[in-house]
Amino acid sequence: MLDIKKYLRLSKLPHIWCPGCGNGSVVRALIMAVDKLGLSKDEIVLFTGIGCSARTNVIVDFNTIQTTHGRTLAFATGFKLMRPDMKVIVITGDGDGAAIGGNHLIHAARRNIDITTILINNSIYGMTGGQYSPLSPQGTYATTAPYGNIEPSFDICKLVEAAGATFIARSTVYHIQLTADLIAKAIAHKGFSFIEVVSQCPVGYGRRNRMRTPYEMLMWQKEHAVLVQQAQRYSLEEMKDKFLIGELFVNKEKREYTELYEELRRKLAEGGEG
Amino acid sequence: MRKEIVLSGYGGQGLVLAGIILAEAAVIYEGKNATHNQSYGPEARGGASRSEIIISDEEINYPEIERPDILLAMTQDALDKYGESVKEGGLIIIDTLYIKEVKPRSDVEIYELPITEISIRETGKPLSANIVALGVLVSLTGIVKRESLEAAMLNRVPPATRDLNLKALRAAFDIFKKG
Amino acid sequence: MSLKEDVRFMQGNEAIAEAAILAGVRFFAGYPITPATEIAEMMALRMPQVGGVFIQMEDEIASIAAVIGASMAGFKAMTATSGPGFTLMQENLGYATIVDIPCVIVDVQRGGPSTGLPTLPAQGDVMQARWGTHGDHPIVVLCPATVQEAFELTIEAFNISELIRNPVILLSDAVVGHVREKVTLPDPSRIRIVNRRVTNLPPEQYKPFAAGPDGVPDFAYRGKGYRYHVTSNVHDEEGFPATYNHKVANELIRRLHKKIEFYRKEITYYKTYRVEDSDVLIVAYGCTARSAKDAVNMLREGGIRAGLLQLQTLWPFPGEVVEGYAKRAKVVVVPEMNMGQLVGEVERCICRKAVRINRVDGKMISPWEIVDAIKEVFSHA
């Protein structure tokens, strides 16, 4: 039985998120994963950036560092290189991770540095009150897209895969056990691991896009998510408005960055030329 | 005593390295002060290269050279561009392989020598022309001792080229032994 | 045991890299930019040799972020850049100040605005170094004039940074960065090295942002039970956001500034030259101080009693020092390779106008220009 209180800073509750927000569920999934892996709270460093997702590390009792908007992976890269013994996890959002932080995301993926990134995708900038992000679907409404968003969105998992990450998965807040399992796999993976968690923002996104309640939004997740193992049951036409969840891509061959750097130092110490 | 030296020519003639060797001969082997600058910007365009050395017994503050005491010109362009700037009573050394037209100046000494050809004769390659030029410059001016230059050169050039460069340097010294 | 001084012929950028290693730097992140690139190249070579890490990041924003991350892990870390890259670093520089994280940023100045004069010297970042980031942040800026000073001030930059747990800017320029000259390296045993204070309290009593009389909190390494929170927002002594607590906000911002005031004397570096009887005081810094020193000698040969006050600490501005040396001078002169940045501070402190000499064409101000400007003043007197 999971003793969730063991991992929380109870004095920092209640949290500041709106009713129906998916962030709390993602925190729970992370704690489930950490508990499943039997990691100590001391060995985890949880980095965040700016936005609603950044508030996740206020309430958990790990080593927690909140950084500037979008730059989290660059901070985490410096930390991880000097403390490769620690488990470095980044929680980001669709604005923080895919817009302002998009460049750092693809370069961290390219280096294949052993950091786990959880991107909570609620399709909106929540903290600033509902502006569209690079992951807001085309045609949806936001305070900065009052006539509907004309911009196409990223498939962030494909982007990160193309950039060179070696573990990529997607899940939803509705599929919370799957989310926890995938986070556990990602943390255990040696290399850059990435999980997109499709989440709900009833206040910033739902009420402008014909989903007034958290329940409706969770049902949308349930109805539109297709487990990757079951994808072949659907026609291409049927898949058009659906998205895959589960383990999307794994590469166990590509070398991890901190290991490569350590190898370089070892060679130099032995008198080689690197 | 403050001497300002400009080595000028074409990128690839090793003039930056030559400048560092000359300055190090003064600093490391003779306890003098020296500065070295290589020029960037307009002067470096089109493959031109300019290496500036100041050697002094006193502290060197302002590190730029406007009117050098000594100019080494290893291309026609370099001579045309900097020949006029040499101080009265100064010295111009010219590589005759590259320079055909020399505007006469009565107020400076001008030495025309086959610098690159000496390198080719001694080492089979033009690559040691910079070292030959240093040998000539030091022989003519005594700005540092020959031994200091030799030691600084051996310390700076790639180990595999030491013997050839030493041969080139000694050939340059020999020109002036005969007087 | 005999002490060994080592006479070397080095480039300014090279001296900065060597000094940083002696000061204990073990992490360098950077992005290529002229005229600072040699520092990154040296660090790429040397860091893995000394058990440290070099990484070339995707931009300057990431470079300083990685540097702060490494310093949060407890290691001395630095980056090096020039004006345009320094601009990109400003947001994270402010972050480092509000979370009390030490690091050293080298800005080898070139001509601006924008890419301006990409390879030529300037001193246009004096105000950027002080006020580049937003908000009321504390900062220390040191400025070398020679390769020897570049070496010495790099070590001091790390020492100050660790002492007060704040970023320190080493404001060099393309002249000092690229010139090669004689440097006397002290015996390593004679180099004073300062390391950040580490807490001796157990984790349950440790407050990461509680400070003693000097305003500087004690550091705690991660992974040993100290699972504290760090935030870029205004925070309480335990590190948690306290955005709507005006008292906490007031105390935090004032504490950050107190660190500088508490150590102001120790972090103020300057040199004087022939100032004892000077009627003309030249206040100069960086490469311009070199010309000013020659100008002092030339003026004295011409019968004008001139002296030089060379500021090595630009920020916090050593106002009392300037005021003190300016007292007996009839004329105060401030030559700068910008349109007049530090001169405003000088005038504020001496309560009168200074003679300005400004050059923004990518060429050093020569000693003759300074001499001529001062003779001009005397011809009207």
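Just so you know, these numbers come straight off a predicted model, no measurement behind them.

**Overview of the interface of chain C and chain B**
Okay, so step 1: Every contact between the two is made by 21 residues of chain C and, on the other side, 23 residues of chain B.
Okay, so step 2: Summed over both sides, the interface between chain C and chain B buries roughly 1800 Å², with carbon and sulfur atoms accounting for 55% of that surface.
Okay, so step 3: The interface formed by chain C and chain B includes one salt bridge.
Okay, so step 4: Glu59 of chain B serves as the salt-bridge partner of Lys293 of chain C, at 3.0 Å between the closest nitrogen and oxygen.
Okay, so step 5: Counting the contacts that link chain C with chain B gives eight residue pairs in polar contact (both at pLDDT 80 or more).
Okay, so step 6: Where the side of chain C that touches chain B is concerned, the elements lending two or more residues are strand S1 (6-11), helix H7 (174-178), strand S9 (180-185), helix H9 (287-301) and helix H12 (367-380) of chain C.
Okay, so step 7: Ranked by residue count, the leading element in the side of chain C that touches chain B is H9 of chain C, at four residues.
Okay, so step 8: Of the residues that constitute the side of chain C that touches chain B, the class distribution is eight nonpolar, four polar and nine charged.
Okay, so step 9: Pairing between strand S2 (residues 33-38) of chain B and S9 of chain C: two bridges, direction antiparallel. Residue His36 of chain B lies in a different strand from S9 of chain C, and its bridge partner there is Arg180 of chain C.

**Focus on the domain arrangement of chain C**
Residue and element names in this part refer to chain C.
Okay, so step 1: Assigned domains within chain C: domain 1 (6-190) and domain 2 (271-380).
Okay, so step 2: Between domain 1 and domain 2, the residue contacts involve 26 residues of the former and 23 residues of the latter.
Okay, so step 3: Summing the contributions of domain 1 and of domain 2, the shared interface buries around 1900 Å²; its carbon and sulfur component is 57%.
Okay, so step 4: The interface formed by domain 1 and domain 2 includes two salt bridges.
Okay, so step 5: Here Glu181 ties to Arg290 by a salt bridge, and the two come within 2.9 Å at their closest N and O atoms.
Okay, so step 6: One can count 17 residue pairs in polar contact (both at pLDDT 80 or more) joining domain 1 with domain 2.
Okay, so step 7: Put simply, the parts of the chain that give the side of domain 1 that touches domain 2 at least two residues each are strand S6 (117-121), helix H5 (126-131), strand S7 (140-142), helix H6 (147-164), strand S8 (167-173) and H7.
Okay, so step 8: When grouped by side-chain class, the residues that make up the side of domain 1 that touches domain 2 number 18 nonpolar, three polar and five charged.

**Examining the packing of helix H1 (residues 15-30) of chain B against helix H4 (residues 129-141) of chain B**
Residue and element names in this part refer to chain B.
Okay, so step 1: Where H1 meets H4, the axes come as close as 9 Å, and the angle between the chain directions of the two elements is 40°. On the basis of their axis angle, the class for H1 and H4 is oblique. The hand of the H1/H4 crossing is right-handed. Residue-level inspection shows Leu17, Ala18, Ile21 and Leu22 of H1 in contact with H4, the latter providing Asn130, Ile131, Leu134, Leu137 and Val138.

**Overview of unusual backbone geometry**
Okay, so step 1: Following Leu13 of chain A, the chain continues to Pro14 of chain A via a peptide bond in cis, the omega torsion being 5°.
Okay, so step 2: Tracing the backbone shows Pro14 of chain A in the segment before helix H1 (23-37).
Okay, so step 3: Of note, the amide linkage connecting Trp315 of chain C to Pro316 of chain C takes the cis form, showing an omega dihedral of 0°.
Okay, so step 4: Looking at the element boundaries, Pro316 of chain C is found in the loop between strand S14 (313-315) and helix H10 (319-326).

**Concerning the interface of chain A and chain C**
Okay, so step 1: Residue-level contacts link 35 residues of chain A with 42 residues of chain C.
Okay, so step 2: Buried surface at the junction of chain A and chain C, summed over both partners, amounts to about 3300 Å²; 59% is from carbon and sulfur atoms.
Okay, so step 3: The largest per-residue losses of area from chain A upon contact with chain C belong to Gln66, Phe75 and Met82 of chain A, which jointly make up 19% of the total buried on that side.
Okay, so step 4: Summed over the shared surface of chain A and chain C, the result is three salt bridges.
Okay, so step 5: Notably, a salt bridge pairs Asp42 of chain A with Arg227 of chain C, separated by 3.0 Å at the nearest N-O pair.
Okay, so step 6: Contributing elements (two or more residues each) for the side of chain A that touches chain C: strand S2 (63-66), helix H2 (72-82), helix H4 (102-111) and helix H9 (257-269) of chain A.
Okay, so step 7: Tallying contributions element by element places H2 of chain A first for the side of chain A that touches chain C, with seven residues.
Okay, so step 8: Here the residues of the side of chain A that touches chain C are counted per class, giving 14 nonpolar, eleven polar and ten charged.
Okay, so step 9: Note that S2 of chain A and strand S10 (residues 229-230) of chain C share two bridges and pair parallel. Looking at S10 of chain C, one finds that Thr64 of chain A is bridged to His229 of chain C.

About the thresholds
- Residues numbered from 1 in each chain as written.
- Chains lettered and ligands numbered in written order.
- Predicted model: local features only at pLDDT ≥ 70, side-chain atom pairs only at ≥ 80, totals over all residues.
- Heavy atoms only, no water.
- Contact = heavy atoms within 4.5 Å.
- Buried area = accessible area lost by both parts, 1.4 Å probe.
- Salt bridge = Lys/Arg side-chain N within 4 Å of Asp/Glu carboxyl O.
- Polar contact = N/O pair within 3.5 Å; in protein donor to acceptor, adjacent residues only side chain to side chain.
- Helix = DSSP H or I, 4+ residues; strand = E, 2+ residues; numbered from the N terminus.
- Nonpolar A, V, L, I, M, F, W, Y, C, P; charged D, E, K, R; others polar.
- Pairing = 2+ DSSP bridges.
- Domains from an automatic or database assignment.
- Axes fitted to C-alpha atoms, helices over the stretch in contact; angles between N-to-C directions.
- Parallel < 35°, antiparallel > 145°, perpendicular 65-115°, else oblique.
- Left-handed = near helix turned anticlockwise from the far one by under 90°.

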